[in-house]
Amino acid sequence: MIQMLDVAKLRGFRVPEAQDVCDPRGAILYALGVGAGLGAINEQNLIFERDQVVLPTMALVLGTPGFWPMAPELGWDWPRILHGEQTLKLFRPLELGQLVNGRIEIIGLADKGAGKPALVRAKRVITTPTDLPIAEMEEVWVLRGAGGFGGGRDLEGPAPVVMPDGPADTYLDLPTAINQAMLYRLTGDRNPLHVDRGTAQAAGFDQPILHGLATMGLVGRALTHLCCNGDPTLMTDMRVRFTAPVWPGETVRTEIWRRGEVISFRASVPERNSIVIDGGEACIGGFRKERDA
């Protein structure tokens, strides 16, 4: 039975803080989890210890307790929760061997009405052990059918990205594996929606779907290849709006529009003519000294 969002329970809930190490093994597992090595592009620097580099989107899985909306204290109907939006802003590059502390806070709620969704915006910050900021992320969770709790209708946050008119400047197709979601679970997100058919069907899907953040990581790989000459440290900002699921085994097309250091992008599954990420925007300029101030 669908229940409206319990605001008092949410405000009393504290997402557990978490600590991670960005080690070579974890970076390789993450890269494989977002499909590295499957496409016809050279990604040896992501999966081989010699001159290894870290994808910037790995920040999305560091310093997190996992899929925290499953916490029983919240009482959410978590199989019906959708990941609506995600942002990532890096203040310094991820480094191998780096210790990472993470904390999450709820920063916004929206009520779309009785029987309609409730929206929850959370912010996560990861820092070094000396509290220097590494990255800041915001995520929007769509709680289907949980509206009607009496909150404001609009969720505060950045204005949506206006996509350019006209055809994309270029695009890249990257495949996913049949077991892509199973691999991605090794990064820490154990939501059964992505591995168990019964849970997926209870959520309204025919089969398990790929994690939204796995799709975002795949698109980040495409941006690294198309815009950064394979150097992931050049990408410092990325934001997406998830619009449809990817089924493991499908090929994802990333289209880009260049505007100097700002890149607009969209991702789709051509065989289904389905847009899976829209309103995407990234900053490709590397780290400047003021970022480390």
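Here, every reference points to the structure presented above.
Residue numbers run consecutively from 1 along every chain, following the written order of its sequence. Whole-chain, interface and lining totals are the exception, using all residues; otherwise, since this is a predicted model, local features are given only for residues with pLDDT of at least 70 and side-chain atom pairs are given and counted only at 80 or more. Side-chain numbers here rest on the full set of heavy atoms in the structure, without hydrogens or water.

A tally of regular secondary structure across the protein gives 6 helices and 10 strands. Rg of the C-alpha trace for the protein: 18 Å, near the compact-globule value of 19 Å for 293 residues, within the 12% margin. Partly exposed describes any residue whose relative accessible area lies between the buried limit of under 20% and the exposed limit of over 50%, with all areas from a 1.4 Å probe on protein chains only and scaled to the type maximum. Each of the 293 residues in the protein was classed as buried or not, and the buried ones make up 51%. Working rule for contacts: check all heavy atoms of both residues, and any pair within 4.5 Å makes them a contact. Long-range contacts, defined as pairs at least 24 residues apart, comprise 73% of the intrachain contacts of the protein with a sequence gap of at least 6. Areas reported as accessible are Shrake-Rupley estimates using a 1.4 Å probe. Residue values count occlusion only from the protein chains shown. In the form shown here, the protein has an accessible surface area of approximately 13,500 Å², with 50% of it arising from carbon and sulfur atoms. His is not counted, nor are the chain ends, whereas Lys and Arg count as positive and Asp and Glu as negative. Where a charge lies is defined by one atom per residue type: Lys uses NZ, Arg uses CZ, Asp uses CG and Glu uses CD. With 30 positive and 35 negative side-chain charges, the protein shows a spacing of 3 Å between the two charge centroids. Secondary structure elements follow DSSP: runs of H or I of four or more residues count as helices, runs of E of two or more count as strands, with numbering from the N terminus. For the radius of gyration, the atoms used are the C-alpha atoms, and the globule rule reads 2.2 Å times the number of residues raised to 0.38.

Here the focus is the nonpolar core. Buried residues of nine kinds, namely Ala, Val, Leu, Ile, Met, Phe, Trp, Tyr and Cys, make up a nonpolar core once their side-chain atoms join them within 4.5 Å. Counting residues in hydrophobic clusters, the biggest one holds 53 residues, and the most contacted among them are Met 58, Leu 94, Leu 223 and Phe 265. When residues in this core are grouped by element, the largest group, 9 residues, is from helix H6 (residues 212-227). The residues touching Met 58, leaving out its near neighbours within four places in the chain, are Cys 22, Gly 26, Ala 27, Tyr 30 and Leu 94. Counting 19 residues, the second-largest nonpolar core is a separate cluster that includes Phe 13, Phe 67, Trp 68 and Ala 146.

Right, let's talk about the environment of Phe 242 for a bit. Within the secondary structure, Phe 242 is located in strand E7 (residues 235-242). On a C-alpha basis, the gap between Phe 242 and Ile 277 in space is 4.7 Å, while along the polypeptide they are 35 residues apart. Once residues lying within four places of it in the same chain are set aside, the contact partners of Phe 242 are His 83, Gly 84, Glu 85, Gln 86, Gly 212, Leu 213, Met 216, Val 276 and Ile 277.

With that settled, consider the side chain of Ser 274. Within the secondary structure, Ser 274 is located in strand E10 (residues 274-284). Filtering out sequence-adjacent residues up to four positions away, Ser 274 remains in contact with Ala 244, Ala 267, Ser 268 and Val 269.

Right, let's get into H6. Multiply 1.5 Å by the residue count of a helix minus one, and that product is the helix's expected span. The first and last C-alpha atoms of H6 sit 22 Å apart over 16 residues, in line with the 22 Å expected at 1.5 Å per residue. Downstream of H6 by one or two residues, Asn 229 has phi in the positive range, about 55°.

Ordered in space as E1-E3-E4-E5-E2-E7-E10-E9-E8-E6, the 10 strands form an open sheet in which the pairing is antiparallel. With one partner strand each, in any of the chains shown, strand E1 (18-22) and strand E6 (170-175) form the two edges of the open sheet. Each strand of the sheet is rotated relative to its neighbour by a mean of 25°, with strand direction disregarded. In this description, strands pair whenever DSSP reports at least two bridges between them. Note that strand E3 (residues 98-111) and strand E4 (residues 118-127) share 10 bridges and pair antiparallel. Its bridge partner being in E4, Gly 102 is matched across the sheet by Ile 126. Between N-to-C directions, angles span 0 to 180 degrees; the directions come from axes that are lines fitted to C-alpha atoms, helices contributing only their stretch in contact.

Our next topic: helix H2 (residues 24-33). Every buried residue of H2 is listed here: Ala 27, Ile 28, Tyr 30, Ala 31 and Gly 33. Looking at the buried positions of H2, the neighbouring elements they touch are helix H3 (44-47), helix H4 (180-184) and H6.

Within the secondary structure, Ala 18 is located in strand E1. The class of Ala 18 is buried, set by a relative accessible area of 16%. Each C-alpha atom of the pair Ala 18 and Gly 75 lies 22 Å from the other, and the pair is 57 residues apart in sequence. With residues near it in sequence (within four places) discarded, Ala 18 still touches Gly 63, Thr 64, Pro 65, Val 100, Asn 101 and Gly 102.

Let us now look at the layout of surface pockets. The space that makes up the largest pocket amounts to roughly 580 Å³. Every definition here rests on a 1 Å grid over the protein atoms only: cavities are sets of points where a 1.4 Å probe fits but cannot get out, pockets are open sets enclosed by protein on both sides within 12 Å along at least five of seven lines, and lining residues have some atom within 4 Å of a point. Lining the largest pocket are 36 residues, and of these His 83, Trp 141, His 211, Gly 212 and Leu 213 sit closest to its centre. Listed by contribution, the elements that provide at least two residues to the lining of the largest pocket are strand E2 (81-90), strand E5 (133-143) and H6. Per-element accounting of the lining of the largest pocket gives the leading share, 5 residues, to E2. Grid points are joined across faces, edges and corners, and a volume is the space filled by probe spheres set on the points. By volume, the second largest pocket is sized at about 290 Å³. Listed by contribution, the elements that provide at least two residues to the lining of the second largest pocket are E2, E4, E5, E7 and E10. Top contributing element to the lining of the second largest pocket by residue count: E2, with 4 residues. Just so you know the grouping, Ala, Val, Leu, Ile, Met, Phe, Trp, Tyr, Cys and Pro go in nonpolar, Asp, Glu, Lys and Arg go in charged, and all remaining residues, Gly too, go in polar. Tallied by class, residues from the lining of the second largest pocket come to 9 nonpolar, 5 polar and 5 charged.

The next thing to look at is the pattern of salt bridges. A side-chain nitrogen of Lys or Arg and a carboxyl oxygen of Asp or Glu constitute a salt bridge if their distance falls within 4 Å. Per the counting criterion, the structure on display carries 10 salt bridges. A salt bridge links Lys 89 to Asp 237; the shortest N-O distance between them is 3.2 Å. Placement of Lys 89 in strand E2 and of Asp 237 in strand E7 is noted, with a sequence separation of 148 residues between them. Among the ionic pairs, Glu 281 bridges to Arg 259, the shortest N-O distance being 3.1 Å. Residue Glu 281 is found in strand E10, and its partner Arg 259 is found in strand E8 (residues 251-259); the two are separated by 22 residues along the sequence. Taking relative accessible area as the criterion, Glu 281 reaches 24% and is therefore assigned partly exposed. Each member of the salt-bridge network shares a partner with another, and the members are Arg 241, Arg 266 and Asp 278.

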